[in-house]
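What the coordinates show
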Number of protein chains: 2
Amino acid sequence: MQLSRKADYALRAVMHFAGMPKGKLASIGTVAKAQKIPREFLAKILKDLTWAGILVSYQGVTGGYRLSRPARDISFLDVIEAMEGPIALNLCTQDSCECDHYPDCKMRDFWVKEEEHFKKMLSRANFGKYKAVYKK
Amino acid sequence: MQLSRKADYALRAVMHFAGMPKGKLASIGTVAKAQKIPREFLAKILKDLTWAGILVSYQGVTGGYRLSRPARDISFLDVIEAMEGPIALNLCTQDSCECDHYPDCKMRDFWVKEEEHFKKMLSRANFGKYKAVYKK
């Protein structure tokens, strides 16, 4: 049970945008180079982040991407769920659990509780706090 | 990021053994049926649990498996790591992290902290508490 490489790259990309001066755009190439993310993979990720309303895309030769809202209003949870879908630490935590032990399974309570904690921590971690710092 | 099906089945299997009378053995078939786990998959899982020292295997027609130690001394962490290897919530939490942001990456601190919490919760959850209850 590990964060996907895609979601990790997405967090790093958003961290990059969060550290940029307000209103400035960054291209795929710039972010790929700064964050050491394979360019083609990053292109797909930025598209998904735009689709999820976390980034805004500007077309054209002077185009690029920027955050859609203040960095402090974007959480790790927003970014991870945009990449992986809703967090579910175990198969059974979803409403669709049809296990034979349900609803008397004590283990499910454990996973539901841990998932709630984890989601709370991810929603508290915002990119106003986690931002890239660039050397001049 | 989700617990593997294999680890979830392993937890359920150990929960089954934890609920059995002391010293009694259970066969693969019995556990598979009671826990609704595909038999072939369970055979592999019980072998791995035995290899990890969580179960003891007895050969022969009256053979089967039982826990190697008291249920309260076996944790969720023991079982999950026996199936998936050491818990690592993100690639970067391992000692082998060679990311360009290391060691100044704030995000890594977040993941290390969450991983520590998660492992603590998993090690506290033991099968003295989480055990199957059988109807007579």
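Residues numbered from 1 in each chain as written. Chains lettered and ligands numbered in written order. Predicted model: local features only at pLDDT ≥ 70, side-chain atom pairs only at ≥ 80, totals over all residues.

Turning next to the overall build of chain A. The helix and strand tally for chain A stands at 5 helices and 2 strands. Along chain A, from the amino end to the carboxyl end, the secondary structure elements read α-α-α-β-β-α-α. Relative to its 136 residues, chain A shows a buried fraction of 28%. If you take every contact in chain A between residues at least 6 apart in sequence, the share linking residues at least 24 apart comes to 64%. (Helix = DSSP H or I, 4+ residues; strand = E, 2+ residues; numbered from the N terminus. Buried ≥ 20, exposed ≤ 12 C-beta atoms within 10 Å, placed from the backbone. Contact = placed C-beta atoms within 7 Å.)

Moving on: the interface of chain A and chain B. Facing the 22 residues of chain A at the interface are 22 residues of chain B. At the level of elements, α1 (5-18) and α5 (106-124) of chain A are the ones that each hand at least two residues to the side of chain A that touches chain B. Of the residues forming the side of chain A that touches chain B, the biggest block, 6 residues, is contributed by α5(A).

Turning to the packing of helix α1 (residues 5-18) of chain B against helix α3 (residues 39-51) of chain B, a few remarks are in order. All names here are of chain B. Closest axis-to-axis distance for the α1/α3 pair is 10 Å, and the angle between their directions is 75°. Compared by their axis directions, α1 and α3 come out roughly perpendicular. Where α1 approaches α3, its residues Lys6, Tyr9, Ala10, Ala13 and Val14 are matched on the opposing element by Phe41, Leu42, Ile45, Leu46 and Leu49. (Axes fitted to C-alpha atoms, helices over the stretch in contact; angles between N-to-C directions. Parallel < 35°, antiparallel > 145°, perpendicular 65-115°, else oblique.)

Here the focus is the environment of Asp8(B). Structurally, Asp8(B) is set in helix α1. Asp8(B) sits in the buried class, given 21 other C-beta atoms within 10 Å. Once the C-alpha coordinates of Asp8(B) and Val79(B) are considered, the two residues, 71 residues apart in sequence, prove to be 9.3 Å apart. When sequence neighbours within four positions are dropped, the list of residues in contact with Asp8(B) reads Asn90(A), Leu91(A) and Leu3(B).

All names here are of chain A. For Lys36, which is not a glycine, the phi torsion comes out positive at approximately 55°. Relative to the helices and strands, Lys36 resides in the loop between α2 (28-35) and α3 (39-51). Owing to 11 C-beta atoms within 10 Å, Lys36 belongs among the exposed residues under this scheme.

Residue and element names in this part refer to chain A. The interhelical angle for the contact between helix α4 (residues 76-84) and α5, taken along N-to-C directions, is 110°, at an axis separation of 6 Å. When the axis of α4 is compared with that of α5, the two are roughly perpendicular. Within the contact between the two elements, α4 uses Phe76, Leu77 and Ile80 and α5 uses Lys119, Leu122 and Ser123. For the contact of α4 with α5, the class distribution of residues is 4 nonpolar, 1 polar and 1 charged. (Nonpolar A, V, L, I, M, F, W, Y, C, P; charged D, E, K, R; others polar.)

Let us now look at the environment of Asp78(B). All names here are of chain B. The residue Asp78 is located in helix α4 (residues 76-84) in this model. Note on Asp78: 20 C-beta atoms within 10 Å, which makes it buried. Spatially, the C-alpha atom of Asp78 lies 8.6 Å from that of Ala52, the residues being 26 residues apart in sequence.

Another point: the pairing of strand β2 (residues 64-67) of chain A. Residues and elements named next belong to chain A. With 4 bridges joining them, strand β1 (residues 55-58) and β2 adopt antiparallel strand pairing. Bridge pairing in β2 places Val56 opposite Arg66. In this structure, the hairpin formed by β1 and β2 is closed by a connection of 5 residues, where Gly60 is found at a positive phi of approximately 100°. (Pairing = 2+ DSSP bridges.)

Both copies of the chain are related by a screw-like operation: a rotation about an axis and a shift along it. Placing chain A over chain B gives an RMSD of 0.0 Å and needs a rotation angle of 180°, together with 0.0 Å of translation along the axis. The operation mapping one copy onto its partner corresponds to a two-fold rotation axis. No C-alpha of chain A approaches the rotation axis more nearly than that of Met1(A), which lies at 2.5 Å. A symmetric contact is evident, with 100% of the interface residues of chain A recurring at the interface of chain B. (Least-squares fit on C-alpha atoms with pLDDT ≥ 70 in both.)

End to end, α1(B) covers 20 Å across 14 residues, agreeing with the expected 20 Å (1.5 Å per residue, within 8%). By the criterion of burial, α1(B) is predominantly enclosed, with 11 of the 14 residues buried. Burial in α1(B) covers these residues: Ala7(B), Asp8(B), Tyr9(B), Ala10(B), Leu11(B), Arg12(B), Ala13(B), Val14(B), Met15(B), His16(B) and Phe17(B). Looking at the buried residues of α1(B), the elements they touch are α5 of chain A together with α2 (28-35), α3, β1 (55-58), β2 (64-67) and α4 of chain B. (Expected span 1.5 Å × (residues − 1).)

Looking now at the nonpolar core. Counting 31 residues, the largest nonpolar core has Ala10(B), Ala13(B), Val14(B), Leu42(B), Leu49(B) and Val79(B) as the members making the most contacts within it. Those elements that place two or more of their residues in this core are α5 of chain A together with α1, α2, α3 and α4 of chain B. The greatest single-element share of this core, amounting to 8 residues, is contributed by α1(B). For Ala10(B), the residues in contact, after removing those within four places along its chain, are Ile45(B), Leu49(B), Val79(B), Ala82(B) and Met83(B). Core analysis: the second largest hydrophobic core is formed by 30 residues, Val14(A), Met15(A), Ile45(A) and Leu89(B) among them. (Core = buried A, V, L, I, M, F, W, Y, C linked by C-beta atoms within 7 Å.)

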